[in-house]
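What follows is the residue order along each chain.
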Amino acid sequence: MPVNIQVSTTPNENALKFTLDKPAIDSGHKTYPNADAAAESPVAADLFGIEGVVSVFLMADFITVTKRPDVGWDVIQPAAEAAIQKAYG
């Protein structure tokens, strides 16, 4: 069954919050500052495969993706939603 994703802005214009209708992480939280650190998390690793993603944060039922300022959300958002669907759908 596909995961439902609600996308919302954050105070940081370079970060979007992707809220899921299921847990994003079993417990606690995890911050991935780069692709090497994200190797342990399939969803974070896939998100770092998107050009312009600079950090990924997982907590409870959401994932926050932060991008470089020079890359538009029109490129990153659809790819991020697809990566999240692949991981949780």
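Look up: the structure comes first, before these words.
So, a few notes on the structure that sits alongside this text. (Residues numbered from 1 in each chain as written. Predicted model: local features only at pLDDT ≥ 70, side-chain atom pairs only at ≥ 80, totals over all residues. Heavy atoms only, no water.)

**Quick word on the nonpolar core**
One recurring pattern in soluble globular proteins is that nonpolar side chains are buried together. Ranked by size, the top nonpolar core spans 25 residues in total, and within it Leu47, Val56, Leu58, Ile63, Ile84 and Tyr88 carry the most contacts. Elements with a minimum of two residues in this core: strand 2 (15-20), helix 1 (42-48), strand 4 (53-59), strand 5 (62-67) and helix 2 (73-88). Here the element with the most residues in this core is helix 2; it accounts for six residues. (Core = buried A, V, L, I, M, F, W, Y, C linked by side-chain atoms within 4.5 Å. Buried < 20%, exposed > 50% of the residue type's maximum accessible area, 1.4 Å probe, protein only. Helix = DSSP H or I, 4+ residues; strand = E, 2+ residues; numbered from the N terminus.)

**Here's the deal with the packing of aromatic side chains**
How two aromatic rings sit relative to each other is set out by the distance from centre to centre and by the angle between their planes. Under the definition given, this model contains one aromatic pair. Look at Phe57 and Phe62: their rings are 6.1 Å apart centre to centre, the planes differ by 45°, and that puts the pair in the tilted class. What makes Phe62 buried here is its relative accessible area of 15%. A cation over an aromatic ring shows up here: Lys17 above the ring of Phe62, its NZ or CZ 4.5 Å from the ring centre. (Phe/Tyr/Trp six-rings, centres within 6.5 Å; stacked < 30°, edge-to-face > 60°. Lys NZ or Arg CZ within 6 Å of the ring centre and 35° of its normal.)

**So, the sheet that holds strand 1 (residues 5-9)**
Reading across the sheet, the five strands line up as 1-2-5-4-3 and stay open at both edges, with antiparallel pairing between neighbours. Both outer strands of the open sheet, strand 1 and strand 3 (29-32), are each paired with one neighbouring strand and no more. Ignoring which end each strand starts from, the neighbouring axes of this sheet average 15° apart. Note: strand 1 against strand 2, five bridges, orientation antiparallel. Pairing of Thr9 across the sheet is with Leu16, part of strand 2. Sheet strands touched by helix 2: strand 1, strand 2, strand 4 and strand 5. Its angle to strand 2, the strand with the most contacts, is close to 30°. (Pairing = 2+ DSSP bridges. Axes fitted to C-alpha atoms, helices over the stretch in contact; angles between N-to-C directions. Contact = heavy atoms within 4.5 Å.)

**Structural notes on the pairing of strand 2**
Counting buried positions along strand 2 yields five of six residues, so the element is predominantly enclosed. As consecutive antiparallel partners, strand 1 and strand 2 are separated by five residues. Relative to strand 5, strand 2 is paired through five bridges, and the arrangement is antiparallel. Counterpart to Lys17 in the pairing with strand 5 is Thr64.

**Details of unusual backbone geometry**
For Ala60, which is not glycine, the phi torsion reads 45° and is therefore positive. Summarising the element assignment, Ala60 is placed in the loop between strand 4 and strand 5. In this structure Ala60 comes out as partly exposed when scored by relative accessible area, which is 43%.

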